[in-house]
2 protein chains.
Amino acid sequence: MSQCVLGLDYGTDSVRALLVDCHSGKEIANHVVYYPRWAKGLYCEPSKDQFRQHPQDYLDSLQQVVQGLWHKVPAGLAVTVVGLSFDTTGSTPVAVDANGTPLALLPEFAENPNAMFVLWKDHTAVQEADEITQAATNHSPNYLRFSGGIYSSEWYWAKVLHVLRQDAQVRNAAYSFVEHCDWMTAVVTGTTAPAEFRMGRCAAGHKLMWHDSWGGFPTDAFFQQLDPLLQGFASRLSPQTYTSDQCAGRLTPEWADRLGLPVGIAVGFGAFDCHMGAVAARVRPGVLTKVMGTSTCDITVAPITALTLQGVEQTVRGICGQVDGSVLPGLVGLEAGQSAFGDLYAWFKQLLLWPLHYVGTEAGDDEHDLALQPSQLEYLSDRVLSELSQHAAQLQPGQTGITALDWVNGRRTPDASQRVAMAISGLKMGSSAPQLFRALVEATAFGSRAITERFRQQGVPVDHIVVIGGISKKSPFVMQTCADIWQCSIDVLESEQSCALGAAIFAAVAAGIYPTVEQAQVVMASSVCQTYQPNPTHAATYNQLYEKYQQLGAFVDASVSSVQGQE
Amino acid sequence: MSQCVLGLDYGTDSVRALLVDCHSGKEIANHVVYYPRWAKGLYCEPSKDQFRQHPQDYLDSLQQVVQGLWHKVPAGLAVTVVGLSFDTTGSTPVAVDANGTPLALLPEFAENPNAMFVLWKDHTAVQEADEITQAATNHSPNYLRFSGGIYSSEWYWAKVLHVLRQDAQVRNAAYSFVEHCDWMTAVVTGTTAPAEFRMGRCAAGHKLMWHDSWGGFPTDAFFQQLDPLLQGFASRLSPQTYTSDQCAGRLTPEWADRLGLPVGIAVGFGAFDCHMGAVAARVRPGVLTKVMGTSTCDITVAPITALTLQGVEQTVRGICGQVDGSVLPGLVGLEAGQSAFGDLYAWFKQLLLWPLHYVGTEAGDDEHDLALQPSQLEYLSDRVLSELSQHAAQLQPGQTGITALDWVNGRRTPDASQRVAMAISGLKMGSSAPQLFRALVEATAFGSRAITERFRQQGVPVDHIVVIGGISKKSPFVMQTCADIWQCSIDVLESEQSCALGAAIFAAVAAGIYPTVEQAQVVMASSVCQTYQPNPTHAATYNQLYEKYQQLGAFVDASVSSVQGQE
């Protein structure tokens, strides 16, 4: 009888369940279920950056994904599940009523997007984020001291304030707002009621301005002054938060039945996906883990002693926060990331395919045989990035003469700004699509380098990088370029579901199978499937190109400042 | 019996003959012949910017184009030709022997590209141009004073020095070098022998550093010091030059026979195409004419008195020269231009079509039905720019948030630099192909505006713009954008062959039909077929966008200077 744990990973489009043997570390089975309402595009307005998810999507898909998982367990294998943990996207909060029920689960709010989870990438709250940045910066202590100095429209309080301002009905019914990762844990442990509800350290510290040094969340007075609509919300949150190695509660009979799991098994505190993914990738001081997808989420950890100077915790400027215990208990977790990585390549692909969509498919009657067939479009669309990579890989560093920035979605770190945009210089008549693509790949690698350099400048060592996610396995060209530009070796993580694996590791600790996360990692964390070594002969050229990247970036930053100055 | 004149226009790819009635101004017939060797790509290496044309191409096509013209004259119409004139590209020089024969017409040089005409767009002489700029700038008087301050690799002396350095055989055989426009005139008047050879003012003044104030060309000593290989070449050129209204000679019996023309008719002095095109477009003080093709050639004129301050002729910094009589006798002709106009759109089209060439057509055997057919590719290729224009025209000024430069071929004016390149800023995830295309169209219009603003700043008025060439008739979207950005009305010239028409106007004066060019213009110059008026509601937005264009340009200029500083 194998002792197993379950990692449940709520991503942007789907939830994944991963069953792992606690003692062998073997990944026994996994299953994925897509959110049905989200898949239909309901409740979203992409042109307004509004992205909402229905709580019923999360509940329905939870039952389906775990039930589906059992069908994937090899026949004859006897497993006993001893614990489970959740990771989710974030900050993804929802308004709940005085019973702790998300409003959209009540009949009168069932179709109201403001009563649903506000997904991490919803940017409707840009204005509110600016107001919070200003208020927090002017406050003593500066409540953004441990959050990189800038509050983001992607974060909890900005979204809360935006929803409260937008929707009187939600405003009147909202007792509190809860993060997705905490809510899932509360649901299956029967602790959604406000009196029993508890928060994990990760979301609270990185997105809610929670910090021990000011006794938890900013004061109610601070929020009232910001906007009277916020009155009471901070004081209704418990100032106590919990690291993910701790047991949040026990699986209720109802959910044990719905999921086919034993009643009363341990459920760990939830956290954000890339934080748990970092644990599966064996993050440790000096190691940066990087989830590489459309954007990146970069995580490292440091002992608080290493950050402390004359008794004061030093902060890393311009990152997404540093929180004691947000990744590994006993270490400060530091988060950063790029707003666009794969998205930059996707943008270029969309650009190149424009004629096919707008010219190619609409040939008139006389030209019927000229119209592009859907199968041809699909064929071209599927292959264009790999063909570009093949051609771009033939070029030498510096050969294109092109410099690009990676800020096509603005800049997350270092120094968050939604005002900056992408720029490209050095284009000549002979600048071909593969040359431009190579420059864009270099730009994403330079954007990453800017993050690691910021960490290093501010006293957080980065000696080694572990990458996680699709791009790291799909594109050797991108990875080799990264190694050459970062000038450090890069390990590619074996596991295809590192975030769910991280959740499983925490479940094993929460269930008491291992006394510490580190000990669980020895057995359960993922191995490395491939290592890229930097080519030292390219270092000097890339140092020069990085300087050009920084010069172009400084120009864009200065343009933005001068516009702001005029406003 | 109509009295007619013949304008012969040697373009980059073909020669055009235009027959015009001197007294009605009616364009009676025209004919085009493509250069056969050039059409095959012979003697050129585009990757090295080497573009050479064989003198035999010019001779053969001259006979063909005029013979072909007679077949186009309406049956029954009796015409008598009283004169002809040539315009050609330039600077396009060739090495000639002591008899004045282009070396490539001698059997031993027949296949040697260095013995052929070095076409205007040949950029093999970048190094030599830099040396000439430095030497001329250090000389007193500054021999570049009337040439915008910078010698170009497109110009005569740079090309001469490059060929002399490259090719010992040509070096030993070369007695002199002659410009295409002057050679054509000499050929048909039998004055190719050095003792009889005479130069037009246009090529000499704009490309050979000829100026009255220093008695003609720079001294032989100057050139010797630059490079001993140049010894004697300047002193073998007659310091006397001639405006195009003057008669250069009489048609020889041999050429009268070959062309089917009367012996002894007047042949005017030749000049460059856009200079003669400007005359057909009724250029006058305050009017800028603009030949818009892959690049632009901008011409205006000013009375010398308007340029003179305290007895000294003021020079316009950073343009392609100002030469008394180079356009209209008695006025200073000023030349400027953009290195890329249509070329910028062509670059973007090529970029977008990359996947079709490199992915679309190479589907494997299993995917045979997915491969793009040549007819589909042609269909897409033909329509992509017009579709982009249609979509881009729907956008409002400033809506894209994108700023672009037009320097994809470097910058001709203002302030020539082959080191600068194109740049684009303000790109976001939603930046689509039509948005980018709109930004590129705006960039070309801003590049033009920079030229007119330079003229105005330096005391040369530009109140009105007349445009000539394909783009001006093919793209109302481009033209309206130009009107809005230039903030002046734009006349589109009716004539489809304004350069040839300009040559015909000069032929009529050389033949004595009209005493002055101005009087010939009254009857013969082209009318306007369309006028674009600027939309004043867009002026403020475009002023802001132009400021951003200048800021981006200043960044690129500064980057180039800092690189040069490091070298």
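It should be emphasised that the depicted structure is a prediction, and the values quoted were computed from it without experimental measurement. For every chain, the first residue of the written sequence is number 1, and numbering continues from 1 along that sequence. Ligands are numbered from 1 and chains lettered from A, in the order in which they are written. Local features are withheld for residues below a pLDDT of 70 in this predicted model, meaning they are given only at 70 or higher, and side-chain atom pairs are given and counted only at 80 or more; totals for whole chains, interfaces and linings count all residues. As a rule here, side-chain values cover all heavy atoms of the structure and leave hydrogens and water aside.

Visitor: Which residues make up the overall build of chain A, and what values do they have?
Guide: What counts as a helix is a DSSP run of H or I of at least four residues, what counts as a strand is a run of E of at least two, and both are numbered from the N terminus. On a plain count of helices and strands, chain A comes out with 19 helices and 24 strands. The reference for a compact globule is 2.2 Å times residues^0.38; the radius of gyration itself is calculated from the C-alpha atoms. Its C-alpha radius of gyration of 24 Å places chain A within 12% of the 24 Å reference for a compact globule of 567 residues. Principal axes of the C-alpha set define a box for chain A whose edges measure 65 × 65 × 60 Å. Per-residue accessibility, obtained with a 1.4 Å probe over protein chains only, is compared with the maximum for each type, and a residue is labelled buried under 20%, exposed over 50%, and partly exposed between these values. Within the span of chain A, comprising 567 residues, buried residues form 61% of the whole. In this description, contact between two residues means that some pair of their heavy atoms is separated by no more than 4.5 Å. Intrachain contacts of chain A at a sequence separation of at least 6 include 73% that bridge at least 24 residues. Reported accessibility uses the Shrake-Rupley method at a 1.4 Å probe radius. Residues are deemed covered only where the shown protein chains occlude them. Split by element, the accessible area of chain A, about 20300 Å² in all, is 49% carbon and sulfur. Two residue types count as positive, namely Lys and Arg, and two as negative, namely Asp and Glu; His and chain ends fall outside the count. Throughout, a charge is located at the NZ atom of Lys, the CZ atom of Arg, the CG atom of Asp or the CD atom of Glu. Each charge sign in chain A was given a centre, from 35 positive and 54 negative side chains, and these centres are 4 Å apart.

Visitor: An account of the packing of aromatic side chains is needed here, citing residue identities and associated values.
Guide: In summary, the pairing rule links any two rings of Phe, Tyr or Trp, Trp by its six-membered ring, whose centres are within 6.5 Å, and it sorts them by plane angle into stacked for under 30 degrees, edge-to-face for over 60 and tilted for everything else. Applying the stated criterion to the full structure yields 53 aromatic pairs over all chains. Centre to centre, the rings of A:Phe341 and A:Tyr345 are 5.9 Å apart; their planes meet at 70 degrees, and the pair counts as edge-to-face. A:Phe341 gets classed as buried once you look at its relative accessible area, which sits at 0%. The class of A:Tyr345 is buried, set by a relative accessible area of 6%. Three or more aromatic residues link up through ring pairs in this structure, and these residues are A:Tyr143, A:Phe146, A:Tyr156, A:Trp157, A:Trp214, A:Phe222 and A:Phe223. By definition, being over a ring means that NZ of Lys or CZ of Arg is both within 6 Å of the ring centre and within 35 degrees of the ring normal. The ring of A:Tyr175 is capped by A:Arg236, whose NZ or CZ atom sits 4.7 Å from the centre of that ring. Lying across the ring of B:Trp255, B:Arg258 places its NZ or CZ 4.1 Å from the centre.

Visitor: Tell me about the interface of chain A and chain B, and please be specific about residues and values.
Guide: On the side of chain B, 52 residues touch chain A, which itself brings 52 residues to the contact. Accessible-area loss on putting two parts together, using a 1.4 Å probe and summing over both, is the definition of buried area adopted here. Around 4500 Å² of area is buried between chain A and chain B when both sides are counted, 68% of it from carbon and sulfur atoms. Contact with chain B buries area across many residues of chain A, yet A:Trp354, A:Tyr379 and A:Met429 alone supply 16% of it, more than any other trio. Put simply, a salt bridge is a Lys or Arg side-chain nitrogen that is within 4 Å of an Asp or Glu carboxyl oxygen. The tally of links from chain A across to chain B stands at zero salt bridges.

Visitor: Tell me about the side chain of A:Ser14, and name the residues and values.
Guide: Inspection of the secondary structure puts A:Ser14 in strand E2 (residues 14–21). In contact with A:Ser14, not counting residues within four places along its chain, are A:Asp9, A:Val32, A:Val33, A:Tyr34 and A:Tyr35.

Visitor: Hey, could you go over the state of the cysteines for me, with residue numbers and the actual values?
Guide: As used in these notes, a disulfide is a covalent bond between sulfur atoms, one from each of two cysteines. Here, the term disulfide refers to a pair of cysteine sulfur atoms separated by no more than 2.5 Å. Per the counting criterion, the structure on display carries two disulfides over all chains. Through a disulfide, A:Cys274 is tied to A:Cys297; the S-S separation comes to 2.3 Å. Placement of A:Cys274 in helix H10 (residues 273–280) and of A:Cys297 in strand E15 (residues 296–302) is noted, with a sequence separation of 23 residues between them. Across the pair, A:Cys297 and A:Cys274 agree in class, each one buried. Residue A:Cys44 stays outside any disulfide, its sulfur separated by 20 Å from that of A:Cys181, the closest cysteine. With no disulfide of its own, B:Cys499 has B:Cys274 as its nearest cysteine by sulfur position, at a separation of 6.8 Å.

Visitor: Kindly report on the pattern of salt bridges, identifying the contributing residues and their values.
Guide: According to the stated counting rule, one finds 36 salt bridges over all chains in the structure shown. Notably, a salt bridge pairs A:Asp227 with A:Arg165, separated by 3.0 Å at the nearest N-O pair. Note that A:Asp227 is positioned in the loop between helix H8 (220–226) and strand E10 (241–242) and A:Arg165 in helix H4 (residues 156–166), a separation of 62 residues in sequence. Taking the relative accessible area as the measure of exposure, A:Arg165 reaches 28% and is therefore partly exposed. In this structure, B:Glu453 and B:Arg449 form a salt bridge, with 2.9 Å as the shortest nitrogen-oxygen distance.

Visitor: Explain the relation of the copies chain A and chain B to me, using residue names and the numbers behind them.
Guide: In this structure, two copies of a chain are linked by a rotation about an axis accompanied by a shift along it. If you rotate chain A by 180 degrees and push it 0.0 Å along the axis, it lands on chain B with an RMSD of 0.1 Å. Taken together, the rotation and translation describe the operation of a two-fold axis. Comparing contact sets, 100% of the residues at the interface of chain A also lie at the interface in chain B, consistent with an isologous, same-surface contact. We place the copies in one frame by least squares, fitting the C-alpha atoms of every residue whose pLDDT is at least 70 in both.

Visitor: Give a description of the side chain of A:Glu154 that names residues and reports values.
Guide: Residues and elements named next belong to chain A. Take Glu154: it is sitting in the loop between helix H3 (126–138) and H4. Accessibility expressed as a relative area gives 12% for Glu154, which makes it buried. Not counting chain neighbours up to four residues away, the residues in contact with Glu154 comprise Ser91, Trp120, Asp122, His123, Lys159 and Arg412.

Visitor: So what's going on with the confidence of the model for chain A? Residues and values would help.
Guide: Known as pLDDT, the predictor's per-residue confidence is scaled from 0 to 100. Looking at chain A, pLDDT values average 95 and 98% of them are 70 or higher. Model confidence for the complex is summarised by a pTM of 0.91, with the ipTM given as 0.91.

Visitor: I'd like a description of the environment of B:Val5, backed by residues and values.
Guide: All names here are of chain B. Relative to the assigned elements, Val5 resides in strand E1 (residues 2–10). Assessed through its relative accessible area of 0%, Val5 is described here as buried. Once residues within four sequence positions are removed from consideration, Val5 is found in contact with Leu18, Leu19, Val20, Cys22, Val82, Gly83, Ala504, Ala507, Ala508 and Met524.

Visitor: Lay out helix H12 (residues 342–360) of chain B in plain terms, naming residues and giving numbers.
Guide: Residue and element names in this part refer to chain B. Look at H12: 26 Å from first C-alpha to last across 19 residues, which is about the 27 Å you get at 1.5 Å a residue. Fitting axes to the seven residues that end at a residue and to the seven that start at it, the angle between those axes gives the bend at that residue. The largest bend in H12 comes to about 45 degrees, at Leu353, with the proline Pro355 one to four residues further on. Among the 19 residues in H12, 15 count as buried, and that is most of the element. By definition here, a helix of n residues has an expected span of 1.5 Å times n minus one.

Visitor: Before we move on, could you go through the nonpolar core and cite the residues and values that matter?
Guide: Put simply, a nonpolar core is a bunch of buried Ala, Val, Leu, Ile, Met, Phe, Trp, Tyr and Cys residues held in one set by side-chain atoms that sit within 4.5 Å of each other. One finds A:Phe348, A:Phe455, A:Trp486, B:Phe348, B:Phe455 and B:Trp486 to be the most contacted residues of the largest nonpolar core, which totals 146 residues. If sequence neighbours within four positions are ignored, A:Phe455 has contacts with A:Leu288, A:Thr300, A:Val316, A:Ile319, A:Leu334, A:Ala336, A:Val460 and A:Val462.

Visitor: Tell me about the sheet that holds strand E18 (residues 322–324) of chain B, and name the residues and values.
Guide: Residues and elements named next belong to chain B. For two strands to be treated as a pair, DSSP must find no fewer than two bridges joining them. Read from one edge to the other, the open sheet built from seven strands follows the order E18-E19-E15-E14-E22-E23-E24, with strand pairing classed as mixed. On the outer flanks of this sheet lie E18 and strand E24 (528–532), each paired with one strand and no other. Put simply, the sheet's adjacent strands are angled 25 degrees from each other on average, direction ignored. Sheet analysis places strand E23 (residues 490–493) next to E24, joined by four bridges and oriented antiparallel. Among the inter-strand pairings, Asp491 is bridged to a residue of E24, identified as Thr531. Helix axes are fitted to C-alpha atoms over the stretch in contact, other axes to C-alpha atoms as well, and angles between N-to-C directions run from 0 to 180 degrees. Of the strands in this sheet, strand E14 (286–292), strand E15 (296–302), strand E19 (332–336), strand E22 (462–468) and E23 touch helix H10 (residues 273–280), which is tilted by about 60 degrees from E15.

Visitor: Let's hear about the sheet that holds strand E20 (residues 403–404) of chain B: which residues, and what values?
Guide: Taken in spatial order, the four strands make up an open sheet running E20(A)-E21(A)-E21(B)-E20(B), and their pairing is antiparallel. Sheet topology places strand E20 (403–404) of chain A together with E20 of chain B at the edges, where each strand pairs with a single neighbour. Of the strand pairs in this sheet, strand E21 (residues 422–427) of chain A and strand E21 (residues 422–427) of chain B are connected by five bridges, and their pairing is antiparallel. Bridge pairing in E21(B) links A:Met422 to B:Leu427.

Visitor: Report on unusual backbone geometry, specifying residues and quantitative values.
Guide: Residue and element names in this part refer to chain A. With omega at 0 degrees, the peptide bond leading from Gly90 into Ser91 counts as cis. Here Ser91 lies in the loop between strand E5 (79–88) and strand E6 (93–96). Positive phi, close to 60 degrees, is recorded for Met209, a residue that is not glycine. Tracing the backbone shows Met209 in the loop between helix H7 (201–207) and H8.

Visitor: An account of the pairing of E23(B) is requested, with residue identities and associated values reported.
Guide: All names here are of chain B. Burial along E23 is two-sided: the residues Ile490 and Val492 and Asp491 and Leu493 are all buried. Bridging between E22 and E23 involves three bridges; their strand directions are parallel. Of the residues in E23, the one forming a bridge with Val467 is Val492.

Visitor: Give a description of the packing of helix H14 (residues 433–457) of chain B against helix H16 (residues 476–486) of chain B that names residues and reports values.
Guide: All names here are of chain B. With their axes 9 Å apart at the nearest point, H14 and H16 run at an angle of 50 degrees to one another. Regarding the angle of H14 to H16, the classification is oblique. Handedness of the H14/H16 crossing: right-handed. Two secondary-structure elements touch here, H14 through Phe437, Arg438, Val441, Glu442, Ala445, Phe446, Ser448 and Arg449 and H16 through Phe477, Val478, Thr481, Cys482, Ile485 and Trp486. Any angle that is under 35 degrees is reported as roughly parallel, and any over 145 degrees as roughly antiparallel; angles of 65 to 115 degrees are reported as roughly perpendicular and all others as oblique. By convention, the crossing between two helices is left-handed when the near helix turns anticlockwise from the far helix through less than a right angle, and right-handed when the turn is clockwise.

Visitor: Now, about the environment of A:Val287: what can you tell me, with residues and values included?
Guide: All names here are of chain A. The residue Val287 is located in strand E14 (residues 286–292) in this model. Spatially, the C-alpha atoms of Val287 and Ala433 are 35 Å apart, while their sequence positions differ by 146 residues. For Val287, the residues in contact, after removing those within four places along its chain, are Ile299, Thr300, His464 and Val466.

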